[in-house]
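As a plain string of letters, each chain reads:
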Amino acid sequence: MAPLHPAGPQSVFLGIALQAGLAVVLAMAIGWARRRPLAVFAILLAESAAVSTLGTRTWPIFLAMDGLICYVAATRPRRTSVTAAVVELAAWPCEWAAVNHGQEQLSDLLSTSLAVTASTVIAWAIGNSIRQQRLYGQALRAHAAARAVTAERLRIARELHDMVAHSVAIIAIQAGAASLVIDTQPAGARKALNAIEATSRETLAGLRRMLVSLRQAEAGEDAANADAAAGLEAVERLAEMTADAGVRVEVAWLGQRRPLPAEIDLAAFRIIQESVTNAVRHSGAGHCRVSVGFEDEELAIEVVDDGHGPAHGNATRGTGFGISGMRERVALLNGRFSAGPGPEGGFRVAARLPA
């Protein structure tokens, strides 16, 4: 029998070209993998079945499907990715059984199936890990956003309490005084009504500034200076209003006054305002001493009254919003706060803020 002639170079080149062209055609579906990964996965699965019938090895297609499994596990629900992985693992022995016809040993099937299983499981695990990290990051961001919203709500509640409580206390006392002297001392009643009007206007202006601040914050603007009128510069005005309500406030400035950060300035004023408000509303005090000390690294605040009202015990126990609000303010600024009966009677509020 005459020997078979080996294939010529042109035949070999043609075979390589056909295989390369077939590989390019089969790989074109991968271009849509990001938009439609499941559809591309189904196409690759069908291509692997078609290629296996031609007697060509299909492991490159299974590697491509492993990449899709990783992507699906990272971007789709777990049930979807697990289903895709199971389908890929089931496709390999089915193709082998359909086209092998006993040409390979069972051991070859087991070893190849083990390799396919390992690559598929590793691809799914990587994708699932990426998905878990992304979900964890989303949960952290959602939790941080919720905490920020809660902190903002508490801040607004403190601002409203400090602003409104003081003004309402002044108005209530002035209204009571006016009702007592309206028949016998019209001039005194008129003075009380004027104080009520001034206090009301100032409170409305403060509320308006707060609303403007909130709207600017929603618009993404810097609202740090929106409530600039509420700071230590307003302490003297606070003393005048409190004097009109019958409580004389003595203000002492210690040390060299200097500009303060906006949050320190506002917190210091709110602490003084709330302390003076408690003295007016609850303690029965006739005199209140406010000391503001500018030290090297701290701002020292002390408010002492000569009252004896029942609110002192409640404040010590922290059952009211005023004391707890002041304590929260100081804690947020890493300062120190104390409130309780003074050494010489009355009530004492002291705070130290880093400045």
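Residues numbered from 1 in each chain as written. Predicted model: local features only at pLDDT ≥ 70, side-chain atom pairs only at ≥ 80, totals over all residues. Heavy atoms only, no water.

Caption draft 1: Quick peek at the pattern of salt bridges. Counted under the stated rule, the structure contains 7 salt bridges. A salt bridge links Arg352 to Glu298; its shortest N-O distance comes to 3.0 Å. Of this pair, Arg352 sits in strand E5 (residues 347-354) while Glu298 sits in strand E3 (residues 298-305), and the two are 54 residues apart along the sequence. A relative accessible area of 29% means that Arg352 is categorised as partly exposed. (Salt bridge = Lys/Arg side-chain N within 4 Å of Asp/Glu carboxyl O. Helix = DSSP H or I, 4+ residues; strand = E, 2+ residues; numbered from the N terminus. Buried < 20%, exposed > 50% of the residue type's maximum accessible area, 1.4 Å probe, protein only.)

Caption draft 2: Seen up close, the environment of Gln133. Relative to the assigned elements, Gln133 resides in helix H5 (residues 106-181). Sequence separation between Gln133 and Ala74 is 59 residues; the distance between their C-alpha atoms is 9.5 Å.

Caption draft 3: Summary view of the nonpolar core. Residues Leu232, Ile272, Val276, Val290, Leu299, Ile301 and Leu353 are the most contacted members of the largest nonpolar core, which totals 35 residues. Secondary-structure elements contributing two or more residues to this core are helix H7 (235-244), strand E1 (248-254), helix H8 (262-283), strand E2 (287-294), E3, helix H10 (321-332) and E5. In terms of residue count, the dominant contributor to this core is H8 (8 residues). Those residues in contact with Val290 that lie beyond four places of it in its chain are Val249, Glu250, Val251, Ala252, Ile272, Val276, Glu302 and Val303. (Core = buried A, V, L, I, M, F, W, Y, C linked by side-chain atoms within 4.5 Å. Contact = heavy atoms within 4.5 Å.)

Caption draft 4: Highlighting the packing of aromatic side chains. Considering all chains together, one arrives at 0 aromatic pairs under this definition. The ring of Trp253 carries the charged tip of Arg257 above its face, separated from the ring centre by 3.7 Å. (Phe/Tyr/Trp six-rings, centres within 6.5 Å; stacked < 30°, edge-to-face > 60°. Lys NZ or Arg CZ within 6 Å of the ring centre and 35° of its normal.)

Caption draft 5: Local environment of unusual backbone geometry. With a phi angle near 60 degrees, Asn334 is a residue other than glycine that sits in the positive phi range. One can find Asn334 in the loop between H10 and strand E4 (336-341).

Caption draft 6: Looking closely at the environment of Ser338. One can find Ser338 in strand E4. Along the backbone, Ser338 and Arg352 are 14 residues apart, and their C-alpha atoms lie at a distance of 9.3 Å. Every residue in contact with Ser338, bar those within four places of it in the chain, is listed here: Arg348, Val349 and Ala350.

Caption draft 7: Just the confidence of the model for the protein, in detail. The pLDDT averaged across the protein works out to 75; a share of 72% of its residues lies at or above 70. Contacts of residues 1-8 to residues separated by more than four positions or lying in other chains number 0 contacts, the stretch itself having pLDDT below 50. Scored below 50 in pLDDT, residues 11-16 makes 0 contacts in the model with residues more than four places away or belonging to other chains. (pLDDT = per-residue confidence, 0-100.)

Caption draft 8: Molecular detail of the sheet that holds E1. Strand order across the open sheet formed by 5 strands is E1-E2-E3-E5-E4, with mixed pairing between neighbours. A single partner strand is all that each edge strand has here, and the edge strands are E1 and E4. Neighbour-to-neighbour, the strand axes of this sheet turn through a mean angle of 10 degrees, independent of strand direction. Strand direction decides the pairing type here: E2 and E3, joined by 7 bridges, are antiparallel. Across the sheet, the residue bridging to Phe294 is Leu299, located in E3. (Pairing = 2+ DSSP bridges. Axes fitted to C-alpha atoms, helices over the stretch in contact; angles between N-to-C directions.)

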